[in-house]
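Each chain, written out:
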Amino acid sequence: MKKNLLTKIGICMVCAASIFSACTKSEQSAAKKTDPAAEVSADVLKNITALGFSTDDVRKQGDNYLVEGDILLTPANLSEVSTSPNLKIAEVEQYRTTNLVKNLPRTITVSVSNLPTVYATATANAVARYNALGLTIQFQVVSSGGNIQIIGFNEGPSGGYITLGSSGFPTSSGNPYNQIQMNTNTAAYGTNPDLGYVTSVIQHEIGHCIGFRHTDYFNRAFSCGGRRSNEGSAGIGAINIPGTPTKADAGSWMLACSSGTDRTFNANDQIALNYLY
């Protein structure tokens with residue numbers, strides 16, 4: 001999730017099969033930004049493009065690569081072969097990844113470990129929002145060892161951004177991604193995190209875990225501002241969900257960026273969720 005502190009435009013989130021997705025908050029300043037792609041090889045950039053992700057501002061993080069401002073692609077992701085023929089470009093609709101959660105109906109357990117109370121409360125609220133939709137996928141908060149485990153990390157700003165949270169996409173075997181990481185650094189949520197804001201971030205990250213990409217993945221400028229950024233016409237990871245709108249949908253819970261306020265499902269999000277689950 002990404003937030004532009006200068007224009008107060010937003011927060012960003014993302015996904016794809018067994019891929020990490022991180023949310024970042026922009027701290028644009030007059031300082032010159034370092035080139036994030038400087039240590040990324042041409043072969044890696046080619047593989048990123050083949051998976052349907054932008055190669056703009058790619059950053060290496062350990063063995064993984066941060067793309068679209070909030071998605072971490074693992075080496076395993078980069079070696080995957082494209083299987084989807086249905087990539088849609090230049091429309092604002094809901095999109096899913098190639099892999100989805102299988103063996104429905106089923107209940108996905110969610111646990112929170114070693115985080116302040118606000119994160120646990122926000123998790124319960126996010127779970128309640130999903131369960132209220134009556135989907136074939138339900139969520140249940142457990143004390144430990146959940147199918148999705150929410151843990152903390154502490155990382156300050158880097159390269160003009162700060163990571164708010166990270167998650168991933170369903171595995172090829174049909175299980176949800178098993179971890180959401182939430183940043184406890186005060187530069188991410190402040191010293192007194194807003195419950196609704198944290199709830200919306202966790203809600204968004206759960207969306208990635210069950211297979212949703214950003215609603216405006218094709219042009220992050222729609223919600224984040226700045227220049228237009230189209231991910232290209234690759235063959236994987238951005239499959240349009242029938243019945244979702246072909247025009248701008250400013251309230252979607254899976255938009256790349258938001259204003260940092262509490263954003264939940266709008267009517268079109270509910271259509272998308274009910275179609276898949």
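Calculation rules
- Residue numbers restart at each chain and count upward from 1, following the sequence in its written direction.
- Confidence filtering applies because this is a predicted model: local features only for residues at pLDDT of at least 70, side-chain atom pairs given and counted only at 80 or more, and all residues used for totals across whole chains, interfaces and linings.
- The basis for every side-chain value is the complete set of heavy atoms in the structure, and neither hydrogens nor water enter the calculation.
- Strands are runs of DSSP state E lasting at least two residues, helices are runs of H or I lasting at least four, and both sets are numbered from the N terminus onward.
- In this scheme, a residue with accessible area under 20% of its type's maximum is buried, one over 50% is exposed, and one in between is partly exposed, where area comes from a 1.4 Å probe on protein chains only.
- Contacts are assigned to residue pairs that have any heavy atoms within 4.5 Å of one another.
- Residue-level accessible areas treat just the shown protein chains as cover; the underlying method is Shrake-Rupley with a 1.4 Å probe.
- Asp and Glu are treated as the negative residues and Lys and Arg as the positive ones, with His and the ends of the chain left uncounted.
- What counts as a salt bridge is simple: a side-chain nitrogen of Lys or Arg found within 4 Å of a carboxyl oxygen of Asp or Glu.
- Counting of polar contacts relies on pairs of N or O atoms within 3.5 Å, with two restrictions inside protein: one atom must be capable of donating a hydrogen and the other of accepting it, and residues adjacent in sequence are counted only when both atoms are side-chain atoms.
- For a helix, the expected span equals 1.5 Å multiplied by the number of residues minus one.
- Axes here refer to lines fitted to C-alpha atoms; in helices the fit is confined to the stretch in contact. Angles between the N-to-C directions go from 0 to 180 degrees.
- For classification, angles of less than 35 degrees are called roughly parallel, those exceeding 145 degrees roughly antiparallel, those between 65 and 115 degrees roughly perpendicular, and all remaining angles oblique.
- The hand of a helix crossing depends on one turn: near helix anticlockwise from the far one by less than a right angle means left-handed, and clockwise means right-handed.
- Side-chain classes are defined by residue name, with Ala, Val, Leu, Ile, Met, Phe, Trp, Tyr, Cys and Pro counting as nonpolar, Asp, Glu, Lys and Arg as charged, and the others, Gly among them, as polar.
- As used in this record, nonpolar core signifies buried Ala, Val, Leu, Ile, Met, Phe, Trp, Tyr and Cys residues forming a set joined through side-chain atoms within 4.5 Å.
- Per-residue confidence from the predictor is reported as pLDDT, a score between 0 and 100.
- When DSSP finds two or more bridges between a pair of strands, those strands are recorded as paired.

Q: An account of the overall build of the protein chain is requested, with residue identities and associated values reported.
A: Looking only at helices and strands, the protein chain features seven helices and 11 strands. The burial tally for the protein chain puts 55% of its 277 residues in the buried class. Long-range pairs, those at least 24 residues apart, make up 76% of the contacts in the protein chain with a sequence separation of at least 6. Total accessible area on the protein chain is roughly 11,100 Å²; 49% of this is exposed by carbon and sulfur atoms.

Q: Mind laying out the side chain of arginine 263, listing which residues take part and the relevant values?
A: Inspection of the secondary structure assignment puts arginine 263 in the loop between strand 11 (239–240) and helix 7 (267–276). No salt bridge is formed by the buried arginine 263; the nearest opposite charge belongs to aspartate 269, separated by 7.2 Å. A polar contact is formed between the side chain of arginine 263 and the backbone oxygen of serine 252, at a distance of 3.4 Å.

Q: If you had to explain helix 5 (residues 195–209) to someone new, which residues and values would you point to?
A: An ideal rise of 1.5 Å per residue puts 21 Å on 15 residues; helix 5 measures up with 21 Å between its terminal C-alpha atoms. Burial analysis of helix 5 places 14 of its 15 residues in the buried class, the great majority of the element. The backbone nitrogen of glycine 196 lies 3.2 Å from a side-chain oxygen of the residue at the head of helix 5, namely aspartate 194. Glycine 211 sits one or two residues past helix 5 and shows a positive phi near 115°.

Q: Provide a residue-level description of the packing of helix 3 (residues 117–131) against helix 5, including the pertinent values.
A: Following both chains from N to C, one finds helix 3 and helix 5 inclined at 55°, their axes separated by 8 Å at the closest point. Between helix 3 and helix 5, the interaxial angle falls into the category oblique. Read as a crossing pair, helix 3 and helix 5 show a hand that is right-handed. Listed contacts from helix 5 to Val118, Tyr119, Thr121, Ala122, Thr123, Asn125, Ala126, Arg129 and Tyr130 of helix 3 are Leu195, Val198, Thr199, Ser200, Ile202, Gln203, Ile206 and Gly207. Tallied by class, the residues present in the contact of helix 3 with helix 5 amount to nine nonpolar, seven polar and one charged.

Q: Kindly report on the pattern of salt bridges, identifying the contributing residues and their values.
A: Within this structure, the stated rule accounts for one salt bridge. Ionic pairing is found between arginine 129 and aspartate 262, a salt bridge with its closest N-O pair at 2.8 Å. Remark: aspartate 262 occurs in the loop between strand 11 and helix 7 and arginine 129 occurs in helix 3; sequence separation between them is 133 residues. For aspartate 262, a relative accessible area of 40% translates into the label partly exposed.

Q: An account of unusual backbone geometry is requested, with residue identities and associated values reported.
A: A cis amide bond, omega -5°, links leucine 104 with the succeeding residue proline 105. Positive phi, normally seen in glycine, also occurs at asparagine 103, with a value near 60°. Assignment of secondary structure puts asparagine 103 in the loop between strand 5 (95–96) and strand 6 (106–112). Within the chain, asparagine 114 stands out as a residue other than glycine whose phi angle is a positive 55°.

Q: So what about the nonpolar core? Which residues, and what values?
A: Side chains of nonpolar character tend, in soluble globular proteins, to be buried together. Counting 40 residues, the largest nonpolar core has Phe139, Met182, Tyr189, Ile210, Phe212, Leu273 and Tyr277 as the members making the most contacts within it. Contact partners of phenylalanine 139, with chain neighbours within four places excluded, come to Thr107, Ile108, Val110, Val127, Tyr130, Asn131, Ile148, Ile206 and Ile210. With 12 residues, the next largest nonpolar core counts Phe53, Val67, Leu73 and Phe169 among its residues.

Q: Let's hear about the confidence of the model for the protein chain: which residues, and what values?
A: Close inspection of predicted coordinates is inappropriate for parts of the model with low pLDDT. When the pLDDT values of the protein chain are averaged, the result is 75; 65% of them are 70 or greater. Overall, residues 84–93 carries pLDDT values under 50, and its contacts beyond four positions in sequence, including any with other chains, amount to 41 contacts.

Q: Hey, could you go over the pairing of strand 8 (residues 148–153) for me, with residue numbers and the actual values?
A: The sheet contact formed by strand 6 and strand 8 spans three bridges and is parallel. Paired with valine 110 across the bridge in strand 8 is isoleucine 148. Judged from the five bridges that link them, strand 8 and strand 10 (residues 179–183) form a sheet pairing that is parallel. Looking across to strand 10, one finds that isoleucine 150 is bridged to isoleucine 180.

Q: Go over the pairing of strand 3 (residues 64–67) with me, naming the residues and quoting the values.
A: Side-chain alternation along strand 3 places Asn64 and Leu66 on one buried face and Tyr65 and Val67 on a second face that is also buried. Judged from the three bridges that link them, strand 2 (residues 59–61) and strand 3 form a sheet pairing that is antiparallel. Counted as the bridge partner of arginine 59 is leucine 66 from strand 3. Here strand 2 folds back onto strand 3, and the loop between the two strands holds two residues, one of which, glycine 62, carries a positive phi near 65°.

Q: Give a description of the environment of threonine 261 that names residues and reports values.
A: Looking at the secondary structure, you find threonine 261 in the loop between strand 11 and helix 7. Remark: the alpha-carbon pair of threonine 261 and glycine 196, spanning 65 residues in sequence, is separated by 7.0 Å.

Q: Explain the environment of aspartate 194 to me, and be specific about the residues and the numbers.
A: The topology assignment puts aspartate 194 in the loop between helix 4 (186–189) and helix 5. When the C-alpha positions of aspartate 194 and aspartate 262 are compared, they lie 8.8 Å apart, and in sequence the two are 68 residues distant. Only 2.8 Å separates the side chain of aspartate 194 from the backbone nitrogen of tyrosine 197, close enough to count as a polar contact.

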